[in-house]
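Each chain, letter by letter, is given below.
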Amino acid sequence: MDKVITYAAVNAKIRALEKDFLKRDDYLNMIQKKSVVDVARYLKDNTSYGKLLREINIDNISRRDLEDILKNNMIKNMDKLVYYFRDDYKEFIRSLYIKYEIEDLKILSRSIFNGKELETIEKPLSFLGKYSRISPKSLFKSRTIRDLIYSLEGSEFFEFLIPLVDGRRENLFRFEMALDMGYFSIIQSRKLKISREDRKILKKWEGLLADLYNIQWVYRGKKFYSLSPEELLNYTINFGDKLTFRERKAMCYAKNLEELYKMIANTIYGFLFKKEEMYRDIYMERRINRFIYYKLKALDRQFSLSIIQTIDFVWSFEFEIRDIISILEAIRYDTPSEEARKFLVKIA
Amino acid sequence: MSVEKMKIVGVIGKKNLLSRVLRLVVLDGSLHTINALVRVNSSDFFLPPNEKNIVVLEELPFLKPCSSKKDFTKDEEVVKSLLSLFDIRPQIREEYLDQDYNYDDFMKQLSEIYDRVRLTADEIEEKMNSINKKREYINNLKYLSRFDFDIEQLTCIKHLAFRLIKISRENYDKLKKNYENIPAVVLKLAVESKYVIVVSITPVILEEILEKIFRSLNYTLLPLPVEFRGTAAKVIEELDSAIDKEEKVIESLKKSLEDYKVKYIIELKKGYSRLEIEKKIEELKSDMANGDKLFFMFGFVPVSNVTRLKSELEAQFGGDVIVLVDDVDKGGSNLHPPTKLSNMKLFKPFEILVKMYGTPAYYEKDPTIFFGLTYMLLFGAMFGDVGQGFILLFTGLILELVLKKGSLGGVLSRIGLSSTVFGFIYGSVFGSEKIIPPLIIRPMANINYILITGVVFGIALILGAYIYNIINSGIEKNVERGLFSRNGAAGLIFYLILLYTIFHVVVTHSSISPAFIYIMIGLLLLMVFKQPLANKLIHADKLYQKSPANYYIEEGFGVIETLLSIISNTLSFIRVGAFALNHVGLYIAFATMARMMTTSWGSLAILVLGNIIIIALEGLIVFIQALRLEYYELFTKYFRGDGIEYVPAKMEIISSTGKRISLFHKKSIFCNIGNIYLYNIINLKWGS
């Protein structure tokens, strides 16, 4: 009964909103387009984004503008969902912003580090301040990574970043790692008053994410960063669903990549390394995302009337925007449409 | 009364006067600004071509919107830090504003003071920092205080590296589980909420590896002082005494700041007031227009304030500004004057409820009095009780005193009063009907009578609404709405005839004359053809505003809706009687429960609880139901509420003599005393 009270309304709303998601044909049609404006026009004339773009002159719209519009639309829809929840559930919905805000913070930090002007950042950074409640204006004022850290004072991110500020040590790598570690630490440490079943689902779901990202991290750390096993282990997320600490540690201490592949082949995550070497690097991210996408769908069916429908909606929304942006990138680099398709999450 | 008449006031003057003129306007607080370009381009704008106006007329065709945006961030910083440094409560006082001054010069002066003060402030801050650093050392040393050795032995050893660090619990967990691979001795010293404090000792050659590992654990180094010797406890003592010394220095520095405060306090207070008004002025500039040398400003001013504003402007600026005062033109202008309601004290609080529906348009008749009167009657009739009404009245008065403007306290006290009056009529005190005799009627004893009275009362109100609508349409010269619509004259006659026939049939049981039926059908036809008829009468160029087919389909259904709504609107007022009964019924339920209690205390408790529930729950329901009757049954007939609210450019300012505020206070208290007085008279008279 409790479940029905909490979720009947929001799930109905989500079903209605999901109707607006792009169809398979939409992606296939957009891939054939030749310019950003063509894609924008397609979205305006043929999809539910027409409502959103109606007032906007798309004749010389840039990739960044379009991305900003799409992301703000996602924010608007996420904010809508908040009204359907009460108490700590509201807090949880807000915490879905953490991931996106951290992504934007990383982009911002990179351009600050490289001394770029803010106007030239290619990404719109629409999510800044959505979770931390820090005004984006004050973040944009930062001239160094240190400024950026101090301008985040008062947010939950601050305590993870402040150890970076003593002397010479604040650098980009550590900033990004600290934020990532902070993200998983925040979602682990919050004590939300939500139902027991939802807690169980969240544990499963977040554990799954942690597993995937841990494997990806260890693989990349070994291959590209040549970090010591101790450091690798220290940078892993300290929980998981299928992987135990012992397995994680063993992965970090694997002598070489071959040994690592063998270890992972025995888990359910073996699919990550199935194909030959070259494809691993380029498509790993996409493989992870597709796994997440289908896993969410499965969980969605398994636990009707639970928090997972909302999570599924938000992630699907993200993937849709990600796919649109992938298509725009493919257009920019003149990638043949067959190649471009291999980067999309929602269609194969 | 009701909607206050407005005039359009224009001020034109040299640009360098703009800030000062605007300051005067804000202090005066009666100008509702409008966009100057819109005003200048409106058809009724006229400037007599004489010698005085010649420069103005020259500039008229070349006006541009005023676009310069001043940046106040620096000024704000100066004022804010000065206020916080000297701990001054920010207030906007009139005495600092009505002097003649130049803002920029003043700010320059203020920032000079700021620079001077800052030197001392910086020194204090430096000392504070040094104290904080020492406190941090002390804090860190405390972790080591249980070890009884010279800390210099740790910080200055040659081949081993020692450090005290803080890491999060989950990272400590990782460290512990992987201890066999860590090239150092690690010792846990303390656990503090989320963090673990550890010391590590490692050979210097391995320090770099260890640093990398710790870095990946996101550690914070806890620094230790190097220039001290002895055990941790002894070093702490030494640091403590050093802090004491520095605190004394700070004390004396603060004293010298105090001198600055005495010297400059007036200037600082001025600073805040002047900055705030300057920001407000900057806001207003968006509505101004600029010529080459002149600025143009226009706005609506209530008639009663025009002379004051004009004379103030002329007194201060003399011939340097031109003040234009124009009447509000009814037809030609595309500017809608704002509505400023002014009603008698008794009805003023109901303006909130009217505005909740919509602000009356400037030309519309203000419905507040009609609304207030009928609302009080409806509420009282549904919730008539001497005791409970008095409680509402009393609560309302308190709210009015405490929260002042904007609260519903005023409404509450007035409906409470009405409830009390009806309480005497029904003879009900806190639900009980045994204490006083009814003046007119007991609802429960005359159920049918009460219900019918409700409907009759409703009919009277609906007729009032018809008349209001006809008057409003008359003012607006809207023939269609006033004569032929279902809320206009045609609707009114139809309603009256319908009522008469029903009355005739029910009371005399005779059949109705066919003439009435024909008239009614004729009236319905008038309503159907209202638009073409009206347009014919006023000789409009088009008979229909949209396609005739659509129009007739809509109006065809309109007939059905008219018939339905006439019946439902009227019967809706049964609830007035029904709630009067319900009020008694609810009390009877509690009275019965009270009688079932075995102790007299118990039954008293039930009665008190019952009364609380009745006041809170039924009071709220009746409040809403009465509002519903007003909004849905009556407002839809005559009130459009598409006006613009009068929002003059002004600020909350504390006046120099405190005159304005005390006056307001006295008035409201007097009125409240008046209410209580009135209540006492009624109470004494009926009670005896």
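Residues numbered from 1 in each chain as written. Chains lettered and ligands numbered in written order. Predicted model: local features only at pLDDT ≥ 70, side-chain atom pairs only at ≥ 80, totals over all residues. Heavy atoms only, no water.

### Here's the deal with the pattern of salt bridges
Following the criterion strictly, the structure yields 51 salt bridges over all chains and no others. The closest approach of N and O atoms between A:Arg15 and A:Asp300, which form a salt bridge, is 3.8 Å. Highlighted residues: A:Arg15 in helix 1 (residues 2-18) and A:Asp300 in helix 16 (residues 277-302), separated in sequence by 285 residues. When its relative accessible area of 10% is taken as the criterion, A:Asp300 is described as buried. B:Lys270 is paired through a salt bridge with B:Glu267; the nearest N and O atoms lie 3.4 Å apart. On the criterion of helical spacing, the pair formed by B:Lys270 and B:Glu267 is a turn pair, its members being 3 residues apart in helix 9 (residues 232-284). Among the charged side chains, a salt-bridge network with shared partners connects A:Lys99, A:Arg220, A:Glu285, A:Glu318 and A:Arg322. (Salt bridge = Lys/Arg side-chain N within 4 Å of Asp/Glu carboxyl O. Helix = DSSP H or I, 4+ residues; strand = E, 2+ residues; numbered from the N terminus. Buried < 20%, exposed > 50% of the residue type's maximum accessible area, 1.4 Å probe, protein only.)

### Notes on the packing of helix 11 (residues 350-357) of chain B against helix 12 (residues 368-382) of chain B
Residues and elements named next belong to chain B. Two elements in contact, helix 11 and helix 12, have axes whose closest approach is 9 Å; the angle formed by their N-to-C orientations is 110 degrees. Classified by the interaxial angle, the pair formed by helix 11 and helix 12 is roughly perpendicular. In this structure, helix 11 contributes Phe350, Glu351, Leu353 and Val354 to the contact, and helix 12 contributes Thr368, Phe371, Gly372, Tyr375 and Met376. In terms of residue class, the contact of helix 11 with helix 12 is made up of 6 nonpolar, 2 polar and 1 charged. (Axes fitted to C-alpha atoms, helices over the stretch in contact; angles between N-to-C directions. Parallel < 35°, antiparallel > 145°, perpendicular 65-115°, else oblique. Contact = heavy atoms within 4.5 Å. Nonpolar A, V, L, I, M, F, W, Y, C, P; charged D, E, K, R; others polar.)

### Considering unusual backbone geometry
All names here are of chain A. Unlike most non-glycine residues, arginine 133 shows phi in positive territory, near 60 degrees. The residue arginine 133 is located in the loop between helix 7 (97-113) and helix 8 (136-140) in this model. Arginine 133 gets classed as exposed once you look at its relative accessible area, which sits at 61%.

### A short note on the side chain of B:Glu555
For B:Glu555, the position within the fold is in helix 20 (residues 548-572). When near neighbours in sequence (up to four residues on either side) are disregarded, B:Glu555 contacts B:Met527, B:Val528 and B:Lys530.

### Comments concerning the interface of chain B and chain A
Contact with chain B, which involves 21 residues of that partner, is made by 21 residues of chain A. Across the chain B to chain A interface the summed buried area is about 1900 Å²; carbon plus sulfur atoms make up 42%. The interface formed by chain B and chain A includes 2 salt bridges. A:Glu159 is the partner of B:Lys194 in a salt bridge, and the nearest nitrogen-oxygen pair spans 2.6 Å. Linking chain B with chain A are 15 residue pairs in polar contact (both at pLDDT 80 or more). Elements supplying a minimum of two residues to the side of chain B that touches chain A: helix 7 (169-177), helix 8 (207-216) and strand 8 (220-221) of chain B. By residue class, the composition of the side of chain B that touches chain A is 6 nonpolar, 6 polar and 9 charged. (Buried area = accessible area lost by both parts, 1.4 Å probe. Polar contact = N/O pair within 3.5 Å; in protein donor to acceptor, adjacent residues only side chain to side chain.)

### A look at the packing of aromatic side chains
Per the stated rule, a full pass over the model turns up 51 aromatic pairs over all chains. Seen from their ring centres, B:Phe72 and B:Tyr103 are 6.2 Å apart, and the 75 degrees between their planes marks the pair as edge-to-face. Taken together, the residues B:Phe72 in the loop between strand 4 (64-65) and helix 4 (73-86) and B:Tyr103 in helix 5 (residues 103-144) connect sequence positions 31 residues apart. An aromatic cluster of three or more residues is present, and its members are B:Phe350, B:Tyr357, B:Phe370, B:Phe371, B:Tyr375, B:Tyr468, B:Phe623, B:Tyr631, B:Phe635, B:Tyr638 and B:Phe639. The ring of A:Trp315 is capped by A:Lys99, whose NZ or CZ atom sits 4.0 Å from the centre of that ring. (Phe/Tyr/Trp six-rings, centres within 6.5 Å; stacked < 30°, edge-to-face > 60°. Lys NZ or Arg CZ within 6 Å of the ring centre and 35° of its normal.)

### Description of the confidence of the model for chain B
Residue and element names in this part refer to chain B. For chain B, mean pLDDT is 84; residues scoring 70 or higher make up 93% of the total. Predicted confidence for residues 658-688 stays below pLDDT 50, and this span has 23 contacts to residues more than four positions away or in other chains. Scoring the predicted complex yields pTM 0.59 and, for the interface, ipTM 0.85. (pLDDT = per-residue confidence, 0-100.)

### Some details on the pairing of strand 10 (residues 294-302) of chain B
All names here are of chain B. In terms of burial, strand 10 is largely enclosed, as 9 of its 9 residues are buried. With burial as the criterion, each face of strand 10 is covered, one bearing Leu294, Phe296, Phe298, Phe300 and Pro302 and the other bearing Phe295, Met297, Gly299 and Val301. Direction of pairing for strand 2 (residues 6-14) relative to strand 10: antiparallel, over a ladder of 9 bridges. Its bridge partner lying in strand 10, isoleucine 12 is registered against phenylalanine 296. Bridging between strand 3 (residues 32-34) and strand 10 involves 3 bridges; their strand directions are antiparallel. Bridge pairing links threonine 33 to glycine 299 in strand 10. Here strand 9 (residues 289-290) pairs with strand 10 via 2 bridges, running antiparallel. Pairing of alanine 289 across the sheet is with phenylalanine 296, part of strand 10. In sequence, strand 9 turns back onto strand 10 through a hairpin of 3 residues. (Pairing = 2+ DSSP bridges.)

### So, the sheet that holds strand 5 (residues 160-168) of chain B
All names here are of chain B. A sheet is described by the order of its strands in space; here 4 strands give the open sequence 6-7-5-8, paired in antiparallel fashion. Both edges of this open sheet fall to strand 6 (185-192) and strand 8, since each of them pairs with a single strand only. As paired strands, strand 6 and strand 7 (residues 195-203) are joined by 7 bridges and run antiparallel to one another. Across the sheet, residue leucine 187 finds its bridge partner in strand 7, namely valine 199.

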